[in-house]
Amino acid sequence: MRQSNRFFFCGHTSGKVSLRDLRTFKMEHEFDAFSGSLSDFDVHGNLLAACGFSSCGLNGLSCDRFLMVYDLRMMRAITPLQVHVDPLFLRFIPTYTSRLAIISQTGQCQFCEPTGLASVADIFHVNTVGQLLMSFDVSSSKQALSFGDSGGCMHLWSSTPEVSFNSYSRETELVLPCLVDSLPQLDWNHELMPLSLLPMPLTSTEPLLSDWPTSHIAPSPRNSSPKNEKSLIVYSPSWYSRRAPPVDPEILRTMKTVGFIGYAPNPRTRPRNQVPYKIKDVELEYDSYNQVSESPNGRDEEPHLYMVPKKYRKVTIKYSKLGLEDFDFKHYNRTLFAGLEPHIPNAYCNCMIQVLYFLEPIRCMVQNHLCQKEFCLACELGFLFHMLDLSRGDPCQASNFLRAFRTIPEASALGLILADSDEQTGKARLGRLIQSWNRFILAQLHQETLEQEGPQAYRGASSSALGSSGESVIGRLFGCEVENSSLCRCGKETVRSSLTLLFTMHYPEQRSLDKTIEEHEFAEILKKSICLEQITQAWCDNCEKYQPTVQTRNIRCLPDVLVINCEVNSAKEAEFWKAQTEYAFNRALKKEAAEPPKPKEPLPSEWCLEDELCSVEGLTFDMQAEDMRHVWIPLSLKMCISKTQGLEVSSLSEGKELTESEEAEGASVYDLVVTVSHIQDARTGGNLVAHIKVGETYHQRKEGVTHQQWYLFNDFLIEPIDKAESAQFDVNWKVPAVLYYTKRNYNAKYDLRIKNPIEASVLLTEASLARKQRKSHATFIPLMVSEMPQTGDLVGLDAEFVTLNQEEAELRSDGTKSTIKPSQMSVARITCVRGQGSNEGVPFIDDYISTQEQVVDYLTQYSGIKPGDLDAKISSKHLTTLKSTYLKLRFLIDTGVRFVGHGLQKDFRVINLMVPKDQVIDTVYLFHMPRKRMISLRFLAWYFLDLNIQSETHDSIEDARTALQLYQKYLELSHNGGQEEFRKVLKALYEKGRKLDWKVPDTDPADGQGSPKSTAVFPSVMGL
């Protein structure tokens, strides 16, 4: 039997399915599904699917491999679905689509769509060890499949490691065992024995001391006289009720009653929506706390978040009517380094992007790399690092990189691509996730930079060899040749060599009888993790079966950058780490007690903005014992591979150098440069931060000073910290995830020169992705060799966008709208027009950008983009990839052209480009008065140029041309009359706008005042 919101369905052994009324159970319809018998059926939405048996000769039945599918809207059968198994059970699994799970009695399971074709590739097998399946069902959450076999076993399949069987299930309350026999023996003669431990029989006649008198458990009266208010009354906690606050006398005096409702004007004597109760309950303060402070140093400490310092908490952006324009990022970042915005999907990896950026060889390698792949993470990292280089403290966003990241199949298979719900609710295990991401990105960059491709469209013969040579820079930096040995009990040994890019920490197993955790040095654990030895089951060719084998790993060389995944993913590892930090702290206390204390010296403050000093209280050069609290990892390591003892790892005191004999033996010093931590905060779901030791070249490039300094990177919050803080891990809230150690002076091995690989060939004619695009439909003429842009040339620019995700907003109690998460936009069309020359105003770029992501709103009224324009199968536009057009714009920016447009700040933000301010001429600011509203392009074109544009929809060619004309008008007005005359023109503009309510008046073409854009202001493309 099944039930929907319309019918009650009943299946019969005769092969029929009847549909009955939900209230009267009278039969409304009947389907004759099978001639033999019915084995199972299910209903979902407007579809009914059934499986069963068909009659064959001599009264026999055979399993029918055709599923009968019925449309409940038309009450008729649709095309039957042929499957490849003998169906006995079936269920709908409507997780993303209306998929069907078809199960045979022998354990075969096939998934298919009820209206599509079944594929053999979708067949799986339940290992029943020869038993027959007798039952099958799906959990209400659609996350688990359960099979029961004839042997009494149940098989459970799930789509996630942590299964939620029901949406709102509660834990099963089990009966507690009887505790009578486990009561301790009581010593009657002990003087300090509490009487409360003595059991006492409950009788109905004897009163108890805890019984309250009836007079004390009466509820509080609503209206008490002043005399009663002074009397002392004791209330039982279960009957206690707080009196309502007295009504303001002014409200009672001015109140007018209509029926039983009173109305009075607000006397404004109290803040809105607040009552004068002094509630000290921490939980109530917790609920009303706003997680985003105006400044990380601008709010007092909250009692419920006392463990997590403010600078480590999750930061989010407050959006207003102006978007990000009035959000002050300088409160969170007083350095000249660029932060990364966290509102983009899968932006949890922001901290690791910063880690890769501050490794100089990687920064140079990806900026020299350029290939033909549409979605190449190395290329996108190079574009992003170029933006970080240009930024002077302004935050950037990794939208294009994360867009390419979401298209990598390996990332999806590893579970690195999170759903929005997982990020917002904090369900993702960020510590485990960032370690998997770290392993993935190193392997992906190694593969992408190692691949030998054919002729590259974006490279010339003079390109740098750093990104295109046969040897990968990633392999040279992180690669370590590993020898894996497997020894079977039969004596056969197998040795294999491989390249590994990182190592994972393995902690010693704790003895079950002894609960105390032994003391270990970090160098000792690291050595055992690198040279790992373990016993596992493996196949032995000699024994021809699985045997316990001893697997050992040894390294043949030391990497330049040692990457360590800490693997503190459970309470067991966290307890181990916590115990080791306590041991290390006690050792530091004993050592400090034996030595005289050293005076503290303040740190320099060169990292601040010009003439503005940062607070550096508490930052010191010399680490004292208190600085070693929660510290287990050393700031420096000495590693050496000897012929006799193999790998040797030991901690090294800070500032200590190797002796000549140690250098002769091949020893190397590794300094800690990166720690990535998982901040566990129950309120926000946690976040990831990175401590990075920024080198001298970065400070020299950004601030003109030469020194090294540790910084905290928490998305767009960047703050200098002490070196001791970078190694402190209080695992109650700060859990280690990733560590990076680098050899001293390792940069000297690498060529750190950056040669821009983007050449003028990117502006040449290229084929469109659209199949139906013809030359007769061309809307632009590519640049000729003689027209190649020069420094200072004008280029009119406009871009149109589509929406991928709608914004999330909420209404406050005062009726204003608060944006929680902005809409995610994607560029759909980019147009560049010539700003000078004989072809001035003629477009040389008019690219429609194809997208593989789902578009929720084409914004046709504002963008002019229609459904199908971005589809390569049916589009008639010049369709290209985002990377192709991005390279064209990057070449124009690097050449030094000046872009003219209206509202270019948003355009460059969505395209994900960082353009120097002296190369941007934005007409929205040219015709703007301080503390006044911004004026639309349509109104400016009507007022100054007598053009009526954007009447029905927007066109980027028209908008770019209009912006060029407005700039020419601005030059004419400012040069002829000077700044004073131009200010009068702006005042007249604003007065006219206020009179017309900033709306362009409708014009009648018959009166001669129509739009002159129909005249040939610029030459047409087809005419040229």
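Computed from a predicted model, the values in this text were never measured in an experiment.

### Some words on the overall build of the protein
The helix and strand tally for the protein stands at 22 helices and 40 strands. Put simply, the protein has 1024 residues, and 45% of those count as buried. Just so you have it, the protein exposes about 56,400 Å², and 52% of that area is on carbon and sulfur atoms.

### Re the sheet that holds strand E40 (residues 920-922)
Overall, mixed pairing links the six strands, which are arranged E38-E37-E36-E33-E39-E40 in an open sheet. Each end of this open sheet is capped by a strand with a single partner; those strands are strand E38 (879-880) and E40. Pairing of strand E37 (residues 843-849) with E38, which is carried by two bridges, proceeds in the parallel orientation. Bridge pairing in E38 links Tyr 848 to Leu 879. Strands strand E33 (794-805), strand E36 (824-834), E37, strand E39 (898-901) and E40 of the sheet are contacted by helix H22 (residues 956-995), whose axis makes an angle of about 140 degrees with E33.

### Observations concerning the nonpolar core
Residues Tyr 348, Ile 353, Ile 434, Trp 437, Phe 478, Tyr 740 and Phe 899 are the most contacted members of the largest nonpolar core, which totals 105 residues. Top contributing element to this core by residue count: helix H6 (residues 377-390), with nine residues. By size, the runner-up hydrophobic cluster in this structure holds 54 residues, among which are Phe 327, Val 482, Val 631 and Leu 635.

### Details of the sheet that holds strand E1 (residues 2-3)
Overall, antiparallel pairing links the four strands, which are arranged E1-E2-E3-E4 in an open sheet. Because the sheet does not close on itself, it has two edges, and the strands there are E1 and strand E4 (27-32).

### Observations regarding the side chain of Asn 912
Relative to the helices and strands, Asn 912 resides in the loop between helix H19 (904-911) and E40. What makes Asn 912 buried here is its relative accessible area of 5%. The contact partners of Asn 912, leaving out residues within four places of it in the chain, are Met 387, Gln 397, Ala 398, Ser 399, Asn 400 and Tyr 886.

### Looking at the pairing of strand E31 (residues 717-721)
Remark: a regular strand shows side chains that alternate across the two faces of the sheet. Burial runs high along E31: four of the five residues are buried. Judged from the five bridges that link them, strand E30 (residues 709-714) and E31 form a sheet pairing that is antiparallel. Paired with Asn 714 across the two strands is Leu 717, which belongs to E31. Counting the residues that bridge the hairpin from E30 to E31 gives two residues, and of these Asp 715 lies at a positive phi of roughly 55 degrees.

### A few points about the environment of Trp 157
Topologically, Trp 157 is positioned in strand E17 (residues 154-158). Between the alpha carbons of Trp 157 and Val 126 there is a distance of 9.2 Å; along the sequence they are 31 residues apart. Trp 157 has contacts with Cys 109, Phe 124, His 125, Val 126, Gln 143, Ala 144, Leu 145 and Phe 147, leaving out every residue within four places of it along the chain.

### Digging into unusual backbone geometry
Even without being a glycine, Glu 544 presents a positive backbone phi close to 60 degrees. Looking at the secondary structure, you find Glu 544 in the loop between strand E23 (533-540) and strand E24 (545-555). Since its relative accessible area comes to 61%, Glu 544 is described here as exposed. The phi angle at Glu 567 is positive, at roughly 55 degrees, despite the residue not being glycine. Looking at where Glu 567 falls in the secondary structure, it is placed in the loop between strand E25 (561-565) and helix H13 (571-594). On the basis of relative accessible area, Glu 567 is assigned to the partly exposed category, the value being 23%.

### As for the pairing of E36
Counting buried residues along E36, 10 of its 11 residues qualify, which places the element largely inside the surrounding structure. When E33 meets E36, the two strands line up antiparallel, connected through 10 bridges. Looking across to E36, one finds that Gly 796 is bridged to Val 833.

### Considerations on the pattern of salt bridges
Where charged atoms from two side chains of opposite charge approach closely, those side chains can pair. On inspection of all chains with the given rule, the structure shows 37 salt bridges. Between Asp 71 and Arg 73 there is a salt bridge, with its nearest N and O atoms 3.2 Å apart. A relative accessible area of 60% places Arg 73 in the exposed class. Of the charged contacts, one joins Glu 483 and Arg 556 as a salt bridge, the two residues approaching to 2.8 Å between their closest N and O atoms.

### Re the packing of aromatic side chains
Throughout the structure, instances matching the rule amount to 40 aromatic pairs. On the basis of an interplanar angle of 40 degrees and a centroid distance of 4.8 Å, the ring pair of Phe 927 and Phe 944 is categorised as tilted. Here Phe 927, found in the loop between helix H20 (923-926) and helix H21 (937-945), pairs with Phe 944, found in helix H21; they are 17 residues apart in sequence, far enough to count as distant. Like Phe 944, Phe 927 is buried. Ring centres of Phe 927 and Tyr 970 lie 6.1 Å apart, and the angle between their planes is 80 degrees; this geometry places the pair in the edge-to-face category. Of this pair, Phe 927 sits in the loop between H20 and H21 while Tyr 970 sits in helix H22, and the two are 43 residues apart along the sequence.

### As for helix H4 (residues 350-357)
Of all the eight residues making up H4, eight are buried; the element is thus mostly covered by neighbouring parts of the structure. Of the positions making up H4, those classed as buried are Asn 350, Cys 351, Met 352, Ile 353, Gln 354, Val 355, Leu 356 and Tyr 357.

### Examining the packing of H21 against H22
For the pair H21 and H22, interaxial distance at closest approach is 9 Å and the crossing angle is 70 degrees. Here H22 runs roughly perpendicular to H21, going by the angle between their axes. Together, Leu 937, Phe 939, Leu 940, Ala 941, Trp 942, Tyr 943, Phe 944 and Leu 945 of H21 and Asp 959, Thr 962, Ala 963, Gln 965, Leu 966, Lys 969, Leu 973, Val 985, Ala 988, Leu 989, Lys 992 and Gly 993 of H22 make up the contact between the two elements. Residues that form the contact of H21 with H22 fall into these classes: 14 nonpolar, three polar and three charged.

### Brief notes about the environment of Lys 743
Structurally, Lys 743 is set in strand E32 (residues 734-743). Expressed as a C-alpha distance, the spacing of Lys 743 and Met 639, which sit 104 residues apart in the sequence, is 9.8 Å. If sequence neighbours within four positions are ignored, Lys 743 has contacts with Leu 558, Pro 559, Asp 560, Ser 668, Val 669, Tyr 670 and Lys 749.

### Things to note about the environment of Lys 987
The topology assignment puts Lys 987 in helix H22. By relative accessible area, Lys 987 is classed as partly exposed at 45%. The sequence separation of Lys 987 and Met 929 amounts to 58 residues, and the corresponding C-alpha distance is 8.2 Å.

### Considerations on a nonpolar patch on the surface
A cluster of nonpolar side chains, namely Val 258, Phe 260, Ile 261 and Tyr 263, defines an oily patch on the protein surface of about 490 Å² accessible area. Its relative accessible area of 37% is what places Ile 261 among the partly exposed residues.

### A closer look at helix H5 (residues 360-368)
Within H5, nine of the nine residues are buried, which leaves it mostly tucked inside the rest of the structure. Three or more residues of H5 are buried, namely Glu 360, Pro 361, Ile 362, Arg 363, Cys 364, Met 365, Val 366, Gln 367 and Asn 368.

### Side note on the confidence of the model for the protein
Of the residues in the protein, 80% have a pLDDT of 70 or more, and the chain-wide mean is 81. A low-confidence stretch, residues 603-621 stays under pLDDT 50, and its non-local contacts, those more than four residues away or across chains, total 41 contacts.

### Quick look at the state of the cysteines
Inspection of every chain in the model, using the stated rule, returns zero disulfides. We note that Cys 349 lacks a disulfide partner, and the nearest cysteine sulfur, in Cys 351, lies 7.7 Å from it. Relative accessible area serves as the criterion here: at 0%, Cys 349 is assigned to the buried category.

Rules used in this analysis
Residues numbered from 1 in each chain as written. Predicted model: local features only at pLDDT ≥ 70, side-chain atom pairs only at ≥ 80, totals over all residues. Heavy atoms only, no water. Helix = DSSP H or I, 4+ residues; strand = E, 2+ residues; numbered from the N terminus. Buried < 20%, exposed > 50% of the residue type's maximum accessible area, 1.4 Å probe, protein only. Areas by Shrake-Rupley, 256 points an atom, 1.4 Å probe, with all protein chains shown as cover. Pairing = 2+ DSSP bridges. Contact = heavy atoms within 4.5 Å. Axes fitted to C-alpha atoms, helices over the stretch in contact; angles between N-to-C directions. Core = buried A, V, L, I, M, F, W, Y, C linked by side-chain atoms within 4.5 Å. Salt bridge = Lys/Arg side-chain N within 4 Å of Asp/Glu carboxyl O. Phe/Tyr/Trp six-rings, centres within 6.5 Å; stacked < 30°, edge-to-face > 60°. Parallel < 35°, antiparallel > 145°, perpendicular 65-115°, else oblique. Nonpolar A, V, L, I, M, F, W, Y, C, P; charged D, E, K, R; others polar. Patch = residues over 30% accessible without salt bridge, like charges linked within 9 Å, V, L, I, M, F, W, Y side chains within 5 Å. pLDDT = per-residue confidence, 0-100. Disulfide = S-S within 2.5 Å.

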